[in-house]
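Here is how the chains run, residue by residue.
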Amino acid sequence: MSKVEPRNSFRQGVDENGHFGLFGGRYVAETLMPLILELDKAYEAAKADPKFQAELTDLHKHYAGRPSPLYFAARLTAHHGGAKIYLKREELNHTGSHKINNVLGQIMLALRMGKPRVIAETGAGQHGVATATACARFGLKCIVYMGAKDIERQKPNVFRMRLLGAEVRSVDKGTGTLKDAMNEAMRDWVANVDDTYYCIGTAAGPHPYPTMVRDFQKIIGEETRVQILEAEGRLPDTIVAAVGGGSNAIGIFHPFLDDASVKIYGVEAAGRGMNSTAHAASISGGSPGVLHGNRTYLLQDENGQITDAHSISAGLDYPGIGPEHAWLHQQGRVTYVPITDDEALASFHLCSKLEGILPALECAHALAYVDKIAPTLPKDHIIVLNLSGRGDKDVFTVAEAMGEKL
Amino acid sequence: MNAVADITQSRITRRFAKLKAEKRPGFVAFVTANDPNPETFREIFHGLPQAGADVIEVGMPFSDPMADGPSIQASSQRSLKFNTSLKDVLAAVRDFRKLDQDTPIVLMGYYNPIYVMGPAKFAEQAAAAGADGVIVVDLPPEEAEELDVHLRANRLHFIFLTAPTSSDERLPAIIARASGFLYYVAVAGITGTKSAEEFAVKDAVARLRRHTSLPIAVGFGIRTPDAARTIAHHCEAAVVGSAIVDVIAQGLNQEGQPAPGLSQKVLGFAKSLADAVHAAQH
């Protein structure tokens, strides 16, 4: 019996209004619509401009330090005694995470559009740091909106942003986390339409952001493909990445979506457990809705009010997910699985001790899923995990969870 | 075409025809349903026609009102403390209609609660409750069809926002879907922050008139009776929201309980706005 191929590619992209099937779109106030259409045009022109691409490639190489290594985690593999575990070392990029990939692209676009003022939202602070960094590098004014609760739990990153010349604005509305920071950034943008570029950090928001951010992040998967072929002579069997909004995940997933032999897992934050209400797993525990400019899976009540997310990881503490993930879930191409705070913490310690790598708590969720499945898989099974950020920023949170005070 | 015949006889159309005949602009008052609590809201809502409101906009609260400034955000939060749902908002409209068959009611909010309730169910129930029009802040014309089809079927006006940033190329797509009246957002920004500038509003309204014969209401950034009169001079109606909601906020104690006589105070302020607007002759 012949295998049933998907009728279309999973990498076909969006329709002209930015829909991935039911998901995505542009749900914004009229004041912003003309700006979003202008951004779409500017991005399409930049994408087709070889000079833009060449400059970006140069920055990736000499400023961000790409390509990032694909590293065989020998001790972690031996510990589990099953599948071979490779780590895509995005945490070695300049600023310590994959966020710089997207930011360099968007800041070059801001320059091209003649916008001198850049705003961004940040949860864990990794996107804020990356944006502050690129703004410093190109001499742009930078304002970062960050939830008051996140400012408290990600102090080192707040100070890094200030050292880089950015202004960090605390948002105490709502839950004081990433969702509220994004609301405030949108409000800033609508009030400063003439001179401001909004640099969204995740693969969500109104079109063209989800596709643009994915395009800037898919270099992760493209490099991984070349590197694993070099190391193993074949594609991996499994790819795993943590999903908050989902930019690192879509970045490594996208180039493999049409390779049916590659199983793909997105790991959502289950917080204190999927039986509790304290989680951030929009797909496992949410339903479709409209927030922040796009239709996607959301945590919400029966009246359509957005409910609070919870995760020990500030970067995953968001009640939505990028619309392309919502679509890939609905299509059955990617499997989304929940991992709790405690499971992530255990894997944080395991990776630190066995591999000498402090992973960001976001990636510790992906590691926890690998720690679950690796022992059950044969030794010739190849797993690639996107280690999207380093854990230095999380040492205070981890210390607190261990009952220690720094 | 019964639907078309019906909607041209709607409360909104009749109200703007009456204002035109009287050669005066209208006053549109915005309040969020159940702000600051269901009882006080009911007193304010029911008193607004008497205070001079020609149209009432009832805010359907949302947890993440991205186009709103601090005043209306706080107002939504106060309402959501009572778990105000769309059902509750529609029940309040039904209740109002027992007393007042003439004052048009426009429901204003964000798309998610409507989407979760179901656009068809929402439109049917809003029409049955006696609402006349709907504004959905985050539903631009490009995304509007899935709601519009049900609003049309239920003879509800779909009222669209236009902004200083809406270009001449963009306006026809908005106006093609707009009915009842066209709402002009006088400032590029969120509600209740910057002030609407008279000369800019005058030019903007003139530009809109080249595209449509619909009545034009101007809102966002009108905070005082004087400002309302000045702006209303150039359009068919002036909308005030944040400034009214601020009077509610100022009348609450630390626990959020309204001071005695708060609804009368709010209605007094609404009357001062209405009187100022009505003094602006066309």
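Residues take numbers from 1 onward in each chain, read along the sequence in its written order. Ligands are numbered from 1 and chains lettered from A, in the order in which they are written. In keeping with the model being predicted, local features are shown solely for residues with a pLDDT of at least 70 and side-chain atom pairs are shown and tallied solely at 80 or more, while totals for entire chains, interfaces and linings include all residues. As a convention, hydrogens and water are excluded, and side-chain values are obtained from all of the structure's heavy atoms.

## Notes on the overall build of chain B
Then step 1. Secondary structure elements are taken from DSSP: a helix is a run of H or I of four residues or more, a strand is a run of E of two residues or more, and numbering for both begins at the N terminus. Of regular secondary structure, chain B possesses 13 helices and nine strands.
Then step 2. The principal-axis extents of the C-alpha atoms in chain B amount to approximately 50 × 40 × 35 Å.
Then step 3. Type-normalised accessible area, obtained with a 1.4 Å probe on protein chains alone, sets the label of each residue: buried when under 20%, exposed when over 50%, and partly exposed for intermediate values. Counting all 282 residues of chain B, 62% fall into the buried class.
Then step 4. Should any heavy atoms of two residues lie within 4.5 Å, those residues are counted as being in contact. A separation of at least 24 residues holds for 74% of the contacts in chain B among residues at least 6 apart in sequence.
Then step 5. For the accessible areas, the method is Shrake-Rupley and the probe is 1.4 Å, while residue cover comes only from the protein chains on display. Surface summary for chain B: the accessible area is close to 10,700 Å², and the carbon and sulfur share equals 52%.

## Regarding the overall build of chain A
Then step 1. When helices and strands are tallied, chain A shows 16 helices and 14 strands.
Then step 2. Taken over C-alpha atoms, the radius of gyration comes to 20 Å for chain A, in line with the 22 Å a tight globule of 406 residues would show.
Then step 3. Counting across all 406 residues of chain A, residues that qualify as buried make up 65%.
Then step 4. Of the contacts made within chain A by residues no fewer than 6 positions apart, 73% connect residues no fewer than 24 positions apart.
Then step 5. Accessible surface, chain A: about 14,200 Å² in total, of which carbon and sulfur atoms supply 52%.
Then step 6. Positive charge is attributed to Lys and Arg, negative charge to Asp and Glu, and no charge count is given to His or to the chain ends. The atoms used to mark charge sites are NZ of Lys, CZ of Arg, CG of Asp and CD of Glu. Charged side chains in chain A number 42 positive and 47 negative. The centres of these two groups are separated by 3 Å. With the radius of gyration taken over C-alpha atoms, the globule rule is written as 2.2 Å times the number of residues to the power 0.38.

## Some details on the nonpolar core
Then step 1. For the purposes of this section, nonpolar cores are sets of buried Ala, Val, Leu, Ile, Met, Phe, Trp, Tyr and Cys residues that join through side-chain atoms within 4.5 Å. Counting residues in each nonpolar core, the largest one holds 77 residues, and the members touching the most others are B:Phe27, B:Leu107 and B:Phe122.
Then step 2. Broken down by element, this core gets its largest block of residues, eight residues, from helix α13 (residues 262-279) of chain B.
Then step 3. In this structure, A:Leu59, A:Ala132, A:Val158 and A:Val171 belong to the second largest nonpolar core, which totals 59 residues.

## As for the packing of helix α14 (residues 341-355) of chain A against helix α15 (residues 361-373) of chain A
All names here are of chain A.
Then step 1. Interaxial distance between α14 and α15 falls to 7 Å at its minimum, and their mutual angle equals 90°. Taken together, the axes of α14 and α15 lie roughly perpendicular to each other. Every residue of α15 that contacts α14 at Glu 343, Ala 344, Leu 345, Ser 347, Phe 348, Leu 350 and Cys 351 is listed here: Leu 361, Ala 364, His 365, Leu 367, Ala 368, Asp 371 and Lys 372.
Then step 2. A per-class count over the contact of α14 with α15 returns nine nonpolar, two polar and three charged. Simply put, an axis is a line fit to the C-alpha atoms, just over the touching stretch for a helix, and the angle between two N-to-C directions goes from 0 to 180 degrees. The scheme is simple: roughly parallel for angles under 35 degrees, roughly antiparallel for over 145, roughly perpendicular for 65 to 115, oblique for anything else. Throughout, the ten residues Ala, Val, Leu, Ile, Met, Phe, Trp, Tyr, Cys and Pro are labelled nonpolar, Asp, Glu, Lys and Arg are labelled charged, and all others, Gly among them, are labelled polar.

## As for the layout of surface pockets
Then step 1. Space inside and on the surface of the protein is sampled on a 1 Å grid over the protein atoms alone, with a cavity defined as a set of points where a 1.4 Å probe fits but cannot get out and a pocket as an open set with protein on both sides within 12 Å along at least 5 of 7 lines; lining residues have an atom within 4 Å of a point. Grid points are joined across faces, edges and corners, and a volume is the space filled by probe spheres set on the points. Of the volumes computed, that of the largest pocket is approximately 630 Å³.
Then step 2. Contributing to the lining of the largest pocket are 29 residues, with B:His157, B:Ser179, B:Gly180, B:Leu214 and B:Pro215 lying nearest its centre.
Then step 3. If you list the elements that add at least two residues to the lining of the largest pocket, you get α1 (2-8), α2 (11-21), α8 (145-153), β5 (157-158) and α9 (171-177) of chain B.
Then step 4. Tallied by class, the residues present in the lining of the largest pocket amount to 13 nonpolar, eight polar and eight charged.
Then step 5. Along the walls of the second largest pocket sit 17 residues, with A:Arg153, A:Phe396, A:Thr397, A:Glu400 and A:Ala401 positioned nearest its centre.
Then step 6. Contributing elements (two or more residues each) for the lining of the second largest pocket: α6 (148-153) and α16 (395-401) of chain A.
Then step 7. With five residues, the single largest contributor to the lining of the second largest pocket is α16(A).
Then step 8. Of the residues in the lining of the second largest pocket, the class split is five nonpolar, three polar and nine charged.
Then step 9. Here the limits of each domain have been adopted from an automatic or database domain assignment. Per-domain counts for the lining of the second largest pocket show at least three residues from each of domain 1 (25-61 + 99-213) and domain 2 (65-96 + 218-401) of chain A.

## Details of the domain arrangement of chain A
All names here are of chain A.
Then step 1. Split by domain assignment, chain A resolves into domain 1 (25-61 + 99-213) and domain 2 (65-96 + 218-401).
Then step 2. On a C-alpha basis, the centres of domain 1 and domain 2 stand 22 Å from each other.
Then step 3. Counting residues at the interface gives 37 residues for domain 1, matched by 36 residues for domain 2.
Then step 4. Taking both partners together, domain 1 and domain 2 bury about 2,900 Å²; carbon and sulfur atoms supply 55% of that area.
Then step 5. For any pair of parts, buried area is found by adding up, for both, the accessible area (1.4 Å probe) each one loses once the two are put together. On the domain 1 side of the interface with domain 2, the three residues burying the most area are Tyr 27, Arg 153 and Lys 179, jointly 21% of the side's total.

## Observations regarding the sheet that holds strand β5 (residues 117-122) of chain A
Residue and element names in this part refer to chain A.
Then step 1. Reading across from one edge, β7-β6-β5-β8 is the order of the four strands in this open sheet, with parallel pairing throughout. Only two strands of the sheet have a single partner each, and these edge strands are β7 (167-171) and β8 (196-198). Geometrically, the sheet is characterised by an average inter-axis angle of 25° between neighbouring strands, direction not taken into account.
Then step 2. For two strands to be treated as a pair, DSSP must find at least two bridges joining them. Here β5 pairs with β8 via three bridges, running parallel. From the neighbouring strand, Val 118 faces β8, where its bridge partner is Tyr 197.
Then step 3. Docked against the sheet, helix α5 (residues 126-138) engages β5 and β6 (141-147), running at close to 165° with respect to β5.

## Quick notes on the environment of B:Met117
All names here are of chain B.
Then step 1. If you trace the backbone, Met 117 turns up in helix α6 (residues 111-117).
Then step 2. For Met 117, a relative accessible area of 17% corresponds to the buried category.
Then step 3. Once you skip the residues sitting within four places of it in the chain, Met 117 turns out to touch Leu 86, Leu 90, Phe 122 and Gln 125.

## Quick word on the packing of aromatic side chains
Residues and elements named next belong to chain A.
Then step 1. Side-chain rings of Phe, Tyr and Trp (the six-membered ring for Trp) are treated as a pair once their centres are within 6.5 Å; stacked means planes under 30 degrees apart, edge-to-face means over 60, and tilted covers the remaining angles. Taken as a whole and judged by the stated rule, the model has 17 aromatic pairs over all chains.
Then step 2. On the numbers, 5.7 Å between centres and 70° between planes, the contact of Tyr 43 with Phe 216 is edge-to-face. On the criterion of sequence distance, the pair formed by Tyr 43 in helix α1 (residues 33-47) and Phe 216 in helix α9 (residues 209-217) is long-range, its members being 173 residues apart. Residue Tyr 43 shares its accessibility class with Phe 216, and that shared class is buried.
Then step 3. One aromatic cluster is present, formed by Phe 10, Phe 20 and Trp 327 through successive ring pairs.
Then step 4. For a lysine, the NZ atom is tested; for an arginine, the CZ atom; a charge sits over a ring if that atom is within 6 Å of the ring centre and within 35 degrees of the ring normal. One residue, Arg 137, lies across the ring of Tyr 63, its end atom 5.9 Å from the ring centre.

## Looking at α9(A)
Then step 1. Most of α9(A) sits inside the fold, with nine of its nine residues counted as buried.
Then step 2. The set of residues buried in α9(A) consists of A:Tyr209, A:Pro210, A:Thr211, A:Met212, A:Val213, A:Arg214, A:Asp215, A:Phe216 and A:Gln217.

## Things to note about the interface of chain B and chain A
Then step 1. Taken together, the contact pairs 38 residues of chain B with 37 residues of chain A.
Then step 2. Between chain B and chain A, roughly 2,800 Å² of surface is buried when both sides are summed, and carbon and sulfur atoms account for 53% of that area.
Then step 3. Whenever a carboxyl oxygen of Asp or Glu lies within 4 Å of a side-chain nitrogen of Lys or Arg, that contact is scored as a salt bridge. Across the chain B-chain A interface, the total number found is three salt bridges.
Then step 4. Of the charged contacts in the structure, one is a salt bridge between B:Glu146 and A:Arg295, with a shortest N-O distance of 2.9 Å.
Then step 5. Distance and chemistry together define a polar contact, namely a pair of N or O atoms within 3.5 Å, with one atom able to donate a hydrogen and the other to accept it when in protein, and with adjacent residues in sequence counting only for side-chain atoms on both sides. The interface formed by chain B and chain A holds 20 residue pairs in polar contact (both at pLDDT 80 or more) in total.
Then step 6. It is α6(B) that contributes the most residues to the side of chain B that touches chain A, five residues altogether.
Then step 7. Within the side of chain B that touches chain A, the residues separate by chemical class into 20 nonpolar, 10 polar and eight charged.

## Some points on the sheet that holds strand β14 (residues 382-387) of chain A
Within a sheet, neighbouring strands are paired by backbone hydrogen bonds and run either parallel or antiparallel to one another.
Residues and elements named next belong to chain A.
Then step 1. One open sheet holds the six strands; their spatial order is β3-β4-β14-β9-β10-β13, and the pairing between them is mixed. Sheet topology places β3 (70-72) and β13 (335-340) at the edges, where each strand pairs with a single neighbour. In this sheet, adjacent strand axes meet at a mean angle of 30° when their direction is disregarded.
Then step 2. When strand β10 (residues 263-271) meets β13, the two strands line up parallel, connected through six bridges. Its bridge partner being in β13, Val 267 is matched across the sheet by Val 337.
Then step 3. Running at roughly 140° to strand β4 (residues 84-89), helix α10 (residues 219-232) makes contact with β3, β4 and β14 of the sheet.

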